[in-house]
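Listed here are the chains, written in short residue letters.
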Amino acid sequence: MHTTKLAGLSDTEHVAELGDWVLVDPDAAKPLFDQLRTQIIDGVRDGKLPPGTRLPTVRELAGRLGLAVNTVARAYRELESAGILETRGRFGTFVARADPADAAMATAAHTYVSAAQALGISKAEALRYVEAAFG
């Protein structure tokens, strides 16, 4: 496994410190880009990567993790497509200001609750359906 420790580029610019928690395992069944993608999502959701945080460049992160540039680029691209990251041209890649999952999940939850109520299903019963769907 590799870890990375990334420092800021200047005193006024907050660049992500990924060193304590980004781990990639080349022997794992999960592709390397997906390991990185998942860990960045987790970092956003648990507050390690707050909105507006600048991520290292693709080349810098690839070098620090010992990954191919295209591996990191793919992770960044997929995160940008999902609305989790945003690229600001030559200024770099940043954590988006809002987690797109928040709005999407809130909308889905309200739709589900409305459907459950229309069918006369209690909160406890509705939650059992959600638990069953997660497996």
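Residues numbered from 1 in each chain as written. Predicted model: local features only at pLDDT ≥ 70, side-chain atom pairs only at ≥ 80, totals over all residues. Heavy atoms only, no water.

Participant: Give me the lowdown on the overall build of the protein chain, citing residues and values where you can.
Facilitator: For the protein chain, the count of helices and strands is five helices and five strands. In sequence order, the protein chain lays out its α and β elements as β-β-α-β-α-α-β-β-α-α. Residues counted as buried form 33% of the 135 residues belonging to the protein chain. On the protein chain, roughly 8400 Å² of surface is accessible, and the fraction owed to carbon and sulfur atoms is 57%. (Helix = DSSP H or I, 4+ residues; strand = E, 2+ residues; numbered from the N terminus. Buried < 20%, exposed > 50% of the residue type's maximum accessible area, 1.4 Å probe, protein only. Areas by Shrake-Rupley, 256 points an atom, 1.4 Å probe, with all protein chains shown as cover.)

Participant: Lay out the packing of aromatic side chains with the relevant residues and their values.
Facilitator: Applying the stated criterion to the full structure yields zero aromatic pairs. Cation over ring: Arg 74 sits above Phe 33, and NZ or CZ is 3.7 Å from the ring centre. The cationic tip of Arg 88 hangs over the ring face of Phe 94; the distance from NZ or CZ to the ring centre is 3.9 Å. (Phe/Tyr/Trp six-rings, centres within 6.5 Å; stacked < 30°, edge-to-face > 60°. Lys NZ or Arg CZ within 6 Å of the ring centre and 35° of its normal.)

Participant: So what's going on with the pattern of salt bridges? Which residues, and what values?
Facilitator: This structure, assessed with the given rule, holds six salt bridges. With a closest N to O distance of 2.6 Å, Arg 37 and Asp 34 form a salt bridge. Taken together, the positions of Arg 37 and Asp 34, both in helix H1 (residues 32-45) and three residues apart, correspond to about one turn of that helix. Classification of Arg 37 by relative accessible area gives partly exposed; the value is 22%. (Salt bridge = Lys/Arg side-chain N within 4 Å of Asp/Glu carboxyl O.)

Participant: Give me the lowdown on the side chain of Thr 53, citing residues and values where you can.
Facilitator: Tracing the backbone through its elements, the reader meets Thr 53 in the loop between H1 and strand E3 (54-55). In terms of polar contacts, Thr 53 uses its side chain to reach the backbone carbonyl oxygen of Pro 50, at 2.7 Å. (Polar contact = N/O pair within 3.5 Å; in protein donor to acceptor, adjacent residues only side chain to side chain.)

Participant: An account of helix H2 (residues 58-65) is needed here, citing residue identities and associated values.
Facilitator: Among all positions in H2, only Glu 60, Leu 61, Ala 62 and Leu 65 are buried. Once H2 finishes, Gly 66 follows within two positions and takes phi at roughly 70°, a positive value.

Participant: Let's hear about the packing of H2 against helix H3 (residues 69-81): which residues, and what values?
Facilitator: Orientation of H2 relative to H3, taken along the N-to-C sense of each, is 120°, at an axis distance of 8 Å. Relative to H3, H2 is oriented oblique. The crossing of H2 and H3 is right-handed. Within the contact between the two elements, H2 uses Val 58, Arg 59, Leu 61 and Ala 62 and H3 uses Val 69, Val 72, Ala 73 and Tyr 76. Taken together, the residues of the contact of H2 with H3 sort by class into seven nonpolar, no polar and one charged. (Axes fitted to C-alpha atoms, helices over the stretch in contact; angles between N-to-C directions. Parallel < 35°, antiparallel > 145°, perpendicular 65-115°, else oblique. Left-handed = near helix turned anticlockwise from the far one by under 90°. Contact = heavy atoms within 4.5 Å. Nonpolar A, V, L, I, M, F, W, Y, C, P; charged D, E, K, R; others polar.)

Participant: Report on the nonpolar core, specifying residues and quantitative values.
Facilitator: Note on soluble globular proteins: their nonpolar side chains tend to be buried together. Grouped together as the largest cluster of nonpolar side chains are 21 residues, with contacts concentrated most on Leu 36, Ile 40, Leu 49, Val 72, Tyr 76 and Leu 85. Listed by contribution, the elements that provide at least two residues to this core are H1, H2 and H3. A per-element tally of this core places H1 first, with five residues. Setting aside its immediate chain neighbours within four residues, Ile 40 contacts Trp 21, Leu 49, Tyr 76, Leu 79 and Leu 85. (Core = buried A, V, L, I, M, F, W, Y, C linked by side-chain atoms within 4.5 Å.)

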